[in-house]
Structure formats: structure tokens, C-alpha cells
Amino acid sequence: MSVVKLEGISKRYPGTAEPAVDNISLTIDDGEFMVLLGPSGCGKSTTLRMIAGLESISGGTLSIDDTVVNRVPSKDRDIAMVFQSYALYPHMSVRDNLAFGLKRRRIARDEIARRVDTAAKTLGLSSFLDRKPYALSGGQRQRVALGRAIVRDPKVFLFDEPLSNLDAALRTHTRTELIKQYHQLKSTMIYVTHDQVEAMTMGTRICVMHGGRIVQVGKPLDVYRNPADTFVASFVGNPPMNLQPASLSGAGDAAALQVFNTRADLSAEQAARLSGLKGGSLTFGVRPEDIYLGLPATDAARFVAFKAQVIAVEPLGAETIILAQAADGEEVTARVRGTVSVHSGETVELFMDPEGFRFFDGETGKAI
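Residues numbered from 1 in each chain as written. Predicted model: local features only at pLDDT ≥ 70, side-chain atom pairs only at ≥ 80, totals over all residues. Heavy atoms only, no water.

K.L.:
Sorry, what's going on with the nonpolar core here?
P.N.:
Within soluble globular proteins, side chains that are nonpolar tend to cluster in buried spots. Core analysis: the biggest nonpolar cluster contains 44 residues, and Phe159, Tyr191 and Val236 have the highest contact counts within it. The next biggest cluster of nonpolar side chains, apart from the first, holds 31 residues, and it includes Leu274, Phe306, Ala326 and Ala334. (Core = buried A, V, L, I, M, F, W, Y, C linked by side-chain atoms within 4.5 Å. Buried < 20%, exposed > 50% of the residue type's maximum accessible area, 1.4 Å probe, protein only.)

K.L.:
What am I meant to see in the layout of surface pockets here?
P.N.:
By rolling a water-sized probe across the atoms, one finds the places where empty space is left. Estimated volume of the largest pocket: approximately 550 Å³. For the largest pocket, the lining is made up of 18 residues, of which Met81, Phe83, Arg105, Arg148 and Arg152 are closest to its centre. Elements with a contribution of two residues or more to the lining of the largest pocket: β6 (79–82), α2 (94–104) and α4 (138–150). Residue composition of the lining of the largest pocket, by class: 11 nonpolar, two polar and five charged. As for the second largest pocket, its lining consists of 13 residues, of which Thr118, Ile150, Val151, Asp153 and Leu185 are closest to the centre. Top element by residues in the lining of the second largest pocket is helix α3 (residues 109–123). It accounts for six residues. (1 Å grid on protein atoms, 1.4 Å probe; cavity = no way out; pocket = protein on both sides within 12 Å on 5 of 7 lines; lining within 4 Å. Points joined across faces, edges and corners; volume = space filled by probe spheres on them. Helix = DSSP H or I, 4+ residues; strand = E, 2+ residues; numbered from the N terminus. Nonpolar A, V, L, I, M, F, W, Y, C, P; charged D, E, K, R; others polar.)

K.L.:
Please explain empty space enclosed by the protein as it appears in this structure.
P.N.:
Tallying each qualifying case throughout the model produces one cavity of 30 Å³ or more. Surrounding the largest cavity, Val82, Leu123, Gln142, Arg143, Leu146, Phe159, Thr174, Glu177, Leu178 and Gln181 form its lining. Elements represented by at least two residues in the lining of the largest cavity include exactly α4 and α5 (168–185). Residue classes in the lining of the largest cavity are distributed as five nonpolar, three polar and two charged.

K.L.:
Which parts of the structure should I look at to understand unusual backbone geometry?
P.N.:
One can expect most non-glycine residues to show negative phi and most peptide bonds to be in trans. A cis amide bond, omega 0°, links Asn238 with the succeeding residue Pro239. Its location among the elements puts Pro239 in the loop between α8 (230–235) and β11 (242–249). Backbone geometry places Lys186, a non-glycine residue, at a positive phi of 55°. On the basis of relative accessible area, Lys186 is assigned to the exposed category, the value being 63%. Positive phi, close to 60°, is recorded for Asn261, a residue that is not glycine. Tracing the chain through its elements places Asn261 in the loop between β12 (256–259) and β13 (262–265). Residue classification places Asn261 among the partly exposed residues on the basis of a relative accessible area of 49%.

K.L.:
Help me understand the sheet that holds strand β1 (residues 4–11) in this model?
P.N.:
Hydrogen bonds between backbone groups are what pair the strands of a sheet, and the pairing can be parallel or antiparallel. Judged by pairing direction, the sheet is antiparallel, and its four strands sit side by side in the order β2-β1-β4-β5 without closing on themselves. Strand pairing shows two members of the sheet lacking a second neighbour, β2 (21–28) and β5 (67–68), which therefore form its edges. With five bridges joining them, β1 and strand β4 (residues 59–64) adopt antiparallel strand pairing. The partner of Ser10 across the bridge, within β4, is Gly59. (Pairing = 2+ DSSP bridges.)

Here it is in C-alpha cells:
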């Protein structure tokens, strides 16, 4: 088993008013691919470095397989880390880069050769073993960095934004390779990124961080569909969730929202969720893909219509992003089929799917 447990972990740097990591608790299960996701400065890389033993822990307990490792040196934690910068030795061949860590641990020569050949075959590097890093592409260098971690056969793999230096096409390819390697190795992996696409496609669970704290932990689609607050709603998703102030009227079967200058009737379940809102402000949320240009053919009666003037159109091939301004002056983003034809300045009728409605407390930002 390779279970990593953080209990009340904090990190405070001298001379700073606020902690970089503030009392976070998280359990990464054996064989799990956990993604730490958040904007720059949220504490995700600091958290990873504390797990790696590269940063001291100011407070709390860090354990690996029920063994507290707060004061255990990095080299004795049986972890392997893949850095953003690859950190390859330029004067060494791929073979020597892969073998270097094993030689320092005085592993038997035959065992080193076996591990290096196995990792090279797994990562498609067998034909590059005698090359130097300068003769490799960015994706091949990243695979060497990953291979150097694989040959150690560690309890836990740590990744610190390993794809951020790659171009868009290579990033997509390497991301797929990492997913493939995860399923082959079945090891515990902790991956840091600010890229929500990486988080959504790679992680078995996502831990969203903001301001040094954990905001939400869950499966990727659960976090996307049911964000814990307005920060998660606006950070996870591209384009982000539409968030607008709304007013609530009526109750029970007569409950309705006033948003985008139109009335949206609520279901009994939605009305019940909002029943506790007494005079406080309300923020309404809906994902761009839950807004349609043209009335859907099925179950059309439940959709909520409103008019808006198109501000900008972004055709992306399979889909088109429309930015429009509703009659109340609020902007709204819709993700529609790529075959639609619409132009800036045009007034269109948009239709919202009530099943996609999300509600947040206007003062705290927390989901209702």
C-alpha cells in the first residue's frame, strides 16, 4: 500500500503575514491519481514539495503508509519526483540519466540494466538510449524524466507541472502518455497543475486549492458539475460557469428566479434548496453548454428563453463560443454547435436548461 495522509499541514515562511499552506487535510489512497489544481500562489506546489521532503513542515502531520515522515529526509521517503524543467544531466546519455539514481543507491549492475531496459521499452525510448538530451524532442525529454522516476519503483510519484514547458500539441500527446503509464504502473501519483484540462482528463480525484486552503475534493465530473463555491465554478471549466446575481420570488410550486431579464420557474427540489435563503443575496450559475441557440427538440417546454445581443463569436470547429449581452446588461456565454451561423451585433434567443441551474450564497459564495 502507498497511502499518503496530510493532517492539518501548514507552511509559513518567515516574514510573511499569511501561511502559504493553511491547515489542510487530505488522504491520497493507494493507486490513486490525485491532482492538486489551483491558480499560481495557491499553495499546491508548496504542498507537493512538503510531501517530497524539499520543504519543511510548519505544522501538522504527514504520513506515508501510516509512518510519520515529517522529519524523514527526502532520500529516505521512497518517492520519485518529476520536475517541470526535466532536470536531466546534459552530458549523460539517456541510458545514464535513467541509471544515475540507481547507481547512487548501489543497486546491482544487472538489476540496473533490467530496470533501465524495462522503463525504456515502456516509454518508447529504447532507440534513444545512447542519445544525449540535446538530441531529443521536448516530449522525449519528458519521457526520460518520467523514466528516471519509474526505474526507482517508488511508493509514490510526484509531478510538479511537468507539461507546462511543452507546446499545445506535444502537451496533449504527453498527457495521453502519462495516463497510459498510470494505468500500467497502478502506482500512487500526485500531480500539480494550474491547467484544468489536465486535471479533468488525468485525475481520479481533483483537489482544488485557493489561498493556501483546500476548497473542494472530488471526482473530476463531480467537481465540474457541482462546484462547492463560486471560485470553483469560475476556475474549473473553459469557458467558466456563467455567474449572475438573481432575485427569488414566491415559494413552493410558485418559486421563480429573475435572471437575464426573464422569469425562470423552479422545480420543487430547487425551491426547497433555496427555502433557507431569507433576504440574503443570491448568485445564479449555469454552464455555457447548458445554454442553447435554438429550442431543443425534446422536452422543449421546460427550457427558459431570453433574448441577448451577440458581442463576440469564437468558432472552434466542432463548437462555437458565443458571448452575448442580455437585456438586463449582464453578459452571458454559450457553447453551441459549430455549425450555427451567428454574427456580432445580432439579437438572438437563447434557451437555458433548468437542470443545469446552480445556486450560490451571494455573500459567502458557497453552493446552496
